[in-house]
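Structural features, examined
The lines below spell out each chain.
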Amino acid sequence: KTVTDVLIGVTQVLNRHAIMQVNYSMSMANGYQSDPYKLLTVIDASNNLMLDPSPENDEGYNLYLFEARPDSRTKHSLYTQLKYHLTEDVIDASYRFTTDDWGISSHTLDLKYRWELGHNMYLEPHVRWYTQNEADFYKPYLQVGTDVSAAGVPLITEASADSRLGAFDATTFGLKYGIGLGKDSELNFRVEQYTQTASAPAAPLTGPLAGQTMQPDLSAMWVQVGYSF
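Described below are features of the structure shown in this document. (Residues numbered from 1 in each chain as written. Predicted model: local features only at pLDDT ≥ 70, side-chain atom pairs only at ≥ 80, totals over all residues. Heavy atoms only, no water.)

Of the pockets and cavities examined, the largest pocket occupies roughly 390 Å³. Lining the largest pocket are 20 residues, with Arg-73, Lys-75, Asp-100, Trp-102 and Leu-165 sitting closest to its centre. Within the residue set of the lining of the largest pocket, elements represented by two or more residues are strand E2 (18–30), strand E5 (72–85), strand E6 (90–100), strand E7 (105–118) and strand E8 (121–132). With three residues, the top contributor of residues to the lining of the largest pocket is E6. Looking at the second largest pocket, its volume works out to about 160 Å³. As for the second largest pocket, its lining consists of Thr-41, Pro-140, Tyr-141, Ala-161, Ser-163, Leu-209, Gln-212, Thr-213, Met-214 and Pro-216. (1 Å grid on protein atoms, 1.4 Å probe; cavity = no way out; pocket = protein on both sides within 12 Å on 5 of 7 lines; lining within 4 Å. Points joined across faces, edges and corners; volume = space filled by probe spheres on them. Helix = DSSP H or I, 4+ residues; strand = E, 2+ residues; numbered from the N terminus.)

Right, let's talk about the nonpolar core for a bit. Judged by nonpolar contacts, Leu-40, Val-42, Met-50, Leu-63, Leu-65, Leu-142, Val-144, Val-148 and Ala-159 together constitute the single largest core of nine residues. Ranked by size, the runner-up nonpolar core spans six residues in total, among them Ile-104, Ala-135, Tyr-138 and Leu-165. (Core = buried A, V, L, I, M, F, W, Y, C linked by side-chain atoms within 4.5 Å. Buried < 20%, exposed > 50% of the residue type's maximum accessible area, 1.4 Å probe, protein only.)

A few words now on the sheet that holds strand E3 (residues 39–43). Across the sheet, three strands lie side by side as E4-E3-E9; this open sheet has mixed pairing. Each having just a single partner strand, strand E4 (64–66) and strand E9 (142–143) make up the two edges of the open sheet. Looking at chain direction, E3 and E9 are connected through two bridges and run parallel. By the bridge assignment for E9, Val-42 is matched with Leu-142. (Pairing = 2+ DSSP bridges.)

The next subject is the packing of aromatic side chains. Considering all chains together, one arrives at three aromatic pairs under this definition. Between the aromatic rings of Tyr-130 and Phe-168, the centroid separation amounts to 5.7 Å while the plane-to-plane angle is 40 degrees, which identifies the pairing as tilted. Placement of Tyr-130 in strand E8 and of Phe-168 in strand E10 (residues 168–180) is noted, with a sequence separation of 38 residues between them. This pair shows no difference in class: Tyr-130 is buried, exactly as Phe-168 is. Positioned above the aromatic ring of Trp-102 is the side chain of Arg-73, whose terminal nitrogen or guanidinium carbon lies 4.1 Å from the ring centre. In this structure, Arg-114 packs its charged tip against the face of Tyr-122, placed 3.6 Å from the ring centre. (Phe/Tyr/Trp six-rings, centres within 6.5 Å; stacked < 30°, edge-to-face > 60°. Lys NZ or Arg CZ within 6 Å of the ring centre and 35° of its normal.)

Taken by themselves, the reported measurements are silent on function.
As structure tokens, this is what we get:
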């Protein structure tokens, strides 16, 4: 697998209070892109799990197929950031748009506000919003007749059930508290909450997958302690 990255950026001072940055980046990856450990469930025309039709299947195992992704991926990204210094506080806002030839497009909005408390202390609330659509070949499961033949042979060349390639929205809320300990040193504490909500295709109405979550939501919280010098 080979990866080539290109980055072009411009940073401009707008006035004594504001500075702006604009970056364009392109990434090209060629080679094996699939995850060798990810499988796709196969269901028949009645939405039941399909049995492996191979003669060696004496135990009646269900049929699962390994995912297959394209052998190349090209991403384009446009990023802009504005930092504005108020009387004491600082606003930091950024936006990123990313698209690739797998059919995924995403938008990211990020906003931080550094509130100076005095005595070398500050609070920095943080909010981030992210959204993306699904890849062209994203499938939570495979269907006999459209994706797989009755003999268990794939009728499509690319498919993946990886939830990271599905459509979802995500928000992050956080707060950072910093204390200046000297001229060039700082101790800070950060807590953030991340919530991801999937926009998954509906599950089959009947069969073992009925009522199942095709693409799970995600929630996480982390606490960070940092020291810089």
